[in-house]
Amino acid sequence: MILSDFLLSAPILAVFLGSATTTTAFAPGQPQRHVSSPRPTETRLRSYLDSLNGAPPLDFAPTPATFGHQIAANGDDGDIADICAFDAASEAIRSRISSYGSISAAEIHDNIAKANQVVALTREHFPGALGSREIMRRVRAVLDKYQVDNILLTQSVCPDEINHERGDITDLFIENVGGGKVFHLGGLAGVPFTGKTGFGAYSAHVAEGGHCFVLQAPHIGISDNLELGKYSREGQSSAGSACGAAVGAMCHCAAGSPMPDLAANTGDYQMNFLIHEIGRRMGALQGITDDNAKQAELARQTSDIGREMLERVVHTDFGDAESMLFIFTGIQINMPFDFEDYFQPLSFEVRKKDGSVIDLFNEAFGA
């Protein structure tokens with residue numbers, strides 16, 4: 001039996017990863033997900049791998065027994081089982097076997113280590129970030145508690161194509177919140193540039209007894225070299241900026257270039273607006289020397305820009321007396337390799353017609 005046959009066997013793959021796998025479905029029509037639970041079987045695996053010619057033996061003695069524990073050993077406290085990291089490493093292993101017919105134990109370790117590094121980097125700069133499916137599950141649970149189904153969704157998300165791929169949070173919200181429909185409110189960097197007119201048109205489309213749900217978020221990429229503010233796009237030999245508009249605005253201001261005239265330069269209004277707004281916030285960026293930390297802060301500043309404009313355009317003059325406005329904001333994180341995108345939730349609330357506002361963040365995501 002060759003190593004590829006060994007690892008392609010589902011029970012043996014579970015043994016290698018130190019877990020038994022059970023299958024759960026996220027939602028009707030969604031792909032099945034595999035959740036791991038610990039199962040100590042390292043001795044049998046060590047014996048088999050030691051018998052392979054040219055395959056380095058695995059030394060399990062000093063290392064954690066499960067994939068979740070490997071993530072925990074990367075600096076996190078407690079018992080962790082990051083499903084997104086598990087899925088990404090598993091997909092990379094499957095892809096390698098499919099393309100080359102086999103994979104070495106060292107390469108498997110490399111894939112797991114790479115997934116751990118991505119998770120650690122994401123958690124360092126975006127605390128509380130979760131995979132898109134988990135975000136969707138938690139938001140949907142809150143909506144179900146309020147028994148709201150008649151929802152018209154609007155998204156204020158950057159039009160970059162990497163934000164709108166299958167399985168991204170935008171796609172999941174369209175299917176699981178908007179019932180397959182969405183009104184686009186946003187422009188560059190996720191700022192709601194359609195303004196009061198855009199929100200007015202959107203809210204006028206809400207059915208009687210219906211509700212509004214706003215998803216607002218800038219985005220930031222992580223390249224294959226683990227660089228924040230960049231993304232390794234398919235078919236390109238080097239990573240490019242993401243969000244390009246936010247990065248470009250920051251570079252314009254850092255270079256001391258003159259501020260564009262918003263009234264005169266109407267052909268590129270959105271970019272010029274971003275330059276002005278980032279320019280007002282350069283004090284929060286200029287003292288940061290670490291490139292990744294600076295890009296993460298840029299995403300937070302861009303989020304503030306979008307949320308400030310959102311506050312100027314939303315209202316509750318739609319539907320009927322029971323209609324509600326849900327607002328969910330955060331930062332969309334375009335992940336490298338085979339990861340599903342992550343999302344850092346920043347605020348989640350519901351506004352009612354009587355002027356009351358209920359903070360839903362802790363209910364959905366904890367303190």
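As shown above, the structure is provided for reference.
Below: a short report on this structure. Quick caveat: nothing in here was measured; it's all calculated off a predicted structure.

Notes on the overall build of the chain
Right, so step 1: Across its full length, the chain carries 13 helices and 12 strands.
Right, so step 2: Counting across all 367 residues of the chain, residues that qualify as buried make up 50%.
Right, so step 3: Carbon and sulfur atoms provide 49% of the accessible area of the chain, an area that totals close to 16,800 Å².

Some words on helix H12 (residues 291-313)
Since one α-helical turn is 3.6 residues long, residues separated by three or four positions face the same way.
Right, so step 1: When the terminal C-alpha atoms of H12 are compared, their 34 Å separation across 23 residues agrees well with the 33 Å that a helix rising 1.5 Å per residue should span.
Right, so step 2: The N-cap residue of H12 is Asp290: its side-chain oxygen and the backbone nitrogen of Asn292 are 3.2 Å apart.

Considering helix H8 (residues 169-176)
Right, so step 1: Counting buried positions over the 8 residues of H8 gives 6, a clear majority of the element.
Right, so step 2: When H8 is considered as a whole, its buried residues turn out to be Ile169, Thr170, Leu172, Phe173, Ile174 and Asn176.

Examining unusual backbone geometry
Excluding glycine, residues mostly carry a negative phi; peptide bonds, for their part, are mostly trans.
Right, so step 1: For the bond running from Ala242 to Cys243, omega is 10 degrees, close enough to zero to count as cis.
Right, so step 2: One non-glycine residue with positive phi stands out, namely Gln147, at about 55 degrees.
Right, so step 3: By the element assignment, Gln147 lies in the loop between helix H7 (132-145) and strand S4 (151-157).
Right, so step 4: Here the phi dihedral of Leu226 falls at roughly 60 degrees; this positive angle occurs in a residue that is not glycine.
Right, so step 5: Along the chain, the position of Leu226 falls in the loop between strand S7 (219-221) and strand S8 (230-231).

Some words on the packing of helix H5 (residues 83-100) against helix H6 (residues 105-125)
Right, so step 1: Relative to each other, H5 and H6 sit at 145 degrees, their axes nearing to 9 Å. Like other packed secondary-structure pairs, H5 and H6 cross with a definite hand, here right-handed. Contacts between H5 and H6 involve Ala85, Ala89, Ala92, Ile93 and Arg96 from the first element and Glu107, Ile108, Asn111, Ile112, Ala115 and Val119 from the second.
Right, so step 2: Of the residues in the contact of H5 with H6, the class split is 8 nonpolar, 1 polar and 2 charged.

Points about the pairing of strand S11 (residues 342-351)
Right, so step 1: For S11, the tally of buried residues reaches 9 of 10 residues, placing the bulk of the element in the interior.
Right, so step 2: Both strand S10 (residues 325-334) and S11 contribute to a ladder of 9 bridges, which runs antiparallel. By the bridge assignment for S11, Leu325 is matched with Arg351.
Right, so step 3: Where S11 lies against strand S12 (residues 357-359), 3 bridges are found, and the strand directions are antiparallel. Residue pairing across strands places Val350 opposite Ile358, the latter belonging to S12.
Right, so step 4: Adjacent in sequence and paired antiparallel, S11 and S12 are bridged by 5 residues, among which Gly355 carries a positive phi angle near 90 degrees.

Thoughts on empty space enclosed by the protein
Right, so step 1: A full pass over the atoms with the stated rule returns 3 cavities of 30 Å³ or more.
Right, so step 2: Quantified by volume, the second largest cavity comes out at close to 40 Å³.
Right, so step 3: Taken together, His219, Ile220, Gly229, Ala242, Cys243, Ala246, Val247, Gln295, Leu298 and Ala299 form the lining of the second largest cavity.
Right, so step 4: Of all the secondary structure elements, the ones that give two or more residues to the lining of the second largest cavity are S7, helix H10 (244-254) and H12.
Right, so step 5: Among the elements that make up the lining of the second largest cavity, the one with the highest residue count is H12 (3 residues).

Brief notes about the environment of Met309
Right, so step 1: Mapping Met309 onto the fold places it in helix H12.
Right, so step 2: Residue Met309 is classed as buried on the basis of its relative accessible area, which comes to 11%.
Right, so step 3: In this view, Met309 contacts Val191, Pro192, Phe193 and Phe273; residues no more than four positions away in its chain are not counted.

The rules behind each value
Residues numbered from 1 in each chain as written. Predicted model: local features only at pLDDT ≥ 70, side-chain atom pairs only at ≥ 80, totals over all residues. Heavy atoms only, no water. Helix = DSSP H or I, 4+ residues; strand = E, 2+ residues; numbered from the N terminus. Buried < 20%, exposed > 50% of the residue type's maximum accessible area, 1.4 Å probe, protein only. Areas by Shrake-Rupley, 256 points an atom, 1.4 Å probe, with all protein chains shown as cover. Expected span 1.5 Å × (residues − 1). Polar contact = N/O pair within 3.5 Å; in protein donor to acceptor, adjacent residues only side chain to side chain. Axes fitted to C-alpha atoms, helices over the stretch in contact; angles between N-to-C directions. Left-handed = near helix turned anticlockwise from the far one by under 90°. Contact = heavy atoms within 4.5 Å. Nonpolar A, V, L, I, M, F, W, Y, C, P; charged D, E, K, R; others polar. Pairing = 2+ DSSP bridges. 1 Å grid on protein atoms, 1.4 Å probe; cavity = no way out; pocket = protein on both sides within 12 Å on 5 of 7 lines; lining within 4 Å. Points joined across faces, edges and corners; volume = space filled by probe spheres on them.

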